[in-house]
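Listed here are the chains, written in short residue letters.
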Protein chains: 2
Amino acid sequence: MYLSIDFNSDEAIYLQLCNQIILGIAMEQYREGDPLPSVRQLADNIGINMHTVNKAYTVLKQEGFVKLDRRRGAVISLDVDKIRSIEELRRNMQLLIARAICKNISREEIHQLVDEIFLEYLGE
Amino acid sequence: MYLSIDFNSDEAIYLQLCNQIILGIAMEQYREGDPLPSVRQLADNIGINMHTVNKAYTVLKQEGFVKLDRRRGAVISLDVDKIRSIEELRRNMQLLIARAICKNISREEIHQLVDEIFLEYLGE
DNA sequence: ATGTTGTTATATAAAATGTATAACAGATAT
DNA sequence: ATATCTGTTATACATTTTATATAACAACAT
C-alpha cells in the first residue's frame, strides 16, 4: 500500500487519498474484495488524523468504489452504474478537451494520450 | 455572453466562471482579441461580487487564456505552452481514465466520447 | 473633468478542511 | 467474559478558502 501524500499540494488530503486508491484499483493493485487499511491504521501510517481518512473512505463509498463493514473495515467493492459514470466522465472530459483545444492540442494527440494511459494501466 | 452560475453547486463561483469562459473559447464563441466584460459589469450582470469575477480573470490570466489591460479590460489572448499543457492534461486524464476503468468503461468508449465532444465543439 | 479600466487594501462572514478527544455499538479472538 | 479491533458519531477548535462589502488608487478614454 504505497500512498504518498503531498502536504504542500493545493489538493485536499482526503481527495489525494481518494485519487490514489482509485488509481490503485484501476492499475489492478487492488481487486474486488481486497481490504483497505483501517481508518486508524492508515491515519497512523501516513501521520494524519483519523477523520481525514474516514472522509476519504466515505467519499469512496458514496462514489461506489468501496463498501464499509464494521467487521472487515473498508473493502474494495465496485458498484458499476455505467450510465451515471459515463455522464460524469463526459462532463469532466468536456472541460479537459476545452482546455486542450485552447492550447492547440489536437484530437489525434488526445487519442494517443488515452492509448498511452491505457497501456500504462492495463498493458492493453 | 451566456454565463449561467449555479449557486447551489459545490463548485466555487469563480471556477464556474473560468470553466464557462474556457468552454466559450473552445467553441469559438470568443476569439483571440475579443474583450470580456469588465469585472464590474459582469459582477453586476450575474449578481455577484466584483472580486469573485476578478479572481476568475486572474486565474484565467495565470493559466494563459486572457490578458488583462487597464485600457481595454480583459481580452482573450491564448498563451500556448504546449508542453506544459500536455503535462497537465495527462495528469487530469489519468484520473479520469482510472475512474472510467473502475466503472467498466472501455478504451473504445472513451475514444468515441472524445470524438463526440470534438464534434460538438468544432464540428470536426 | 468625468467615467471607465484593472488593481490593491481592509474587513467581515460563511464554508471547507484538518486536527484533537472521546465515546458508542458491532464483531472477533483469546 | 474480556480485550481488542472495526466503522460511526459527537463535540470542539484552528486554518484556509470562498465570497462579499467598501474604499481608494493609477492609467486611460471621452
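Predicted model only: the values in this text are computed from it and were never measured.

Basis of the calculations
Residues numbered from 1 in each chain as written. Chains lettered and ligands numbered in written order. Predicted model: local features only at pLDDT ≥ 70, side-chain atom pairs only at ≥ 80, totals over all residues. Heavy atoms only, no water. Least-squares fit on C-alpha atoms with pLDDT ≥ 70 in both. Contact = heavy atoms within 4.5 Å. Near = heavy atom within 4 Å. Polar contact = N/O pair within 3.5 Å; in protein donor to acceptor, adjacent residues only side chain to side chain. Helix = DSSP H or I, 4+ residues; strand = E, 2+ residues; numbered from the N terminus. Nonpolar A, V, L, I, M, F, W, Y, C, P; charged D, E, K, R; others polar. Buried area = accessible area lost by both parts, 1.4 Å probe. Salt bridge = Lys/Arg side-chain N within 4 Å of Asp/Glu carboxyl O.

Participant: I'd like a rundown of the relation of the copies chain B and chain A, residues and numbers included.
Facilitator: Superposing chain B onto chain A requires a rotation of 180° together with a translation of 0.0 Å along the rotation axis, leaving an RMSD of 0.0 Å. Such a combination of turn and shift is consistent with a two-fold rotation axis. Identified as the residue of chain B closest to the rotation axis by C-alpha distance is B:His111, at 3.2 Å. A share of 100% of interface residues in chain B that are also interface residues in chain A marks the association as one of identical surfaces.

Participant: An account of the protein's contact with DNA strand D is requested, with residue identities and associated values reported.
Facilitator: Around DNA strand D, the structure places 25 residues, and the nearest of them are A:His51, B:Ile13, B:His51, B:Thr52 and B:Arg71. Considering DNA strand D, the proportion of its atoms within 4 Å of the protein that are sugar or phosphate atoms stands at 61%. One of the side-chain nitrogen or oxygen atoms of A:Ser38 is found 2.9 Å away from a phosphate oxygen of DNA strand D. With respect to DNA strand D, the side chain of B:His51 contributes an N or O atom lying 3.2 Å from a base oxygen. Within the residue set of the surface near DNA strand D, elements represented by two or more residues are helix 2 (39-46), helix 3 (50-62), strand 1 (66-69) and strand 2 (73-76) of chain A together with helix 1 (13-26) and helix 3 (50-62) of chain B. Tallied by class, the residues present in the surface near DNA strand D amount to 9 nonpolar, 8 polar and 8 charged.

Participant: Give me the lowdown on the interface of chain B and chain A, citing residues and values where you can.
Facilitator: The interface of chain B with chain A comprises 46 residues on the first partner and 46 residues on the second. Of the roughly 4,800 Å² buried at the junction of chain B and chain A (both faces included), carbon and sulfur atoms supply 70%. In this structure, the connection of chain B to chain A is made through 8 salt bridges. With a shortest N-O distance of 2.7 Å, B:Asp115 and A:Arg107 are connected by a salt bridge. Remark: the boundary between chain B and chain A carries 25 residue pairs in polar contact (both at pLDDT 80 or more). Listed by contribution, the elements that provide at least two residues to the side of chain B that touches chain A are helix 1, helix 4 (82-102) and helix 5 (107-122) of chain B. By residue number, the principal contributor to the side of chain B that touches chain A is helix 4 of chain B, which donates 17 residues. Its residues assigned to classes, the side of chain B that touches chain A comprises 25 nonpolar, 8 polar and 13 charged.

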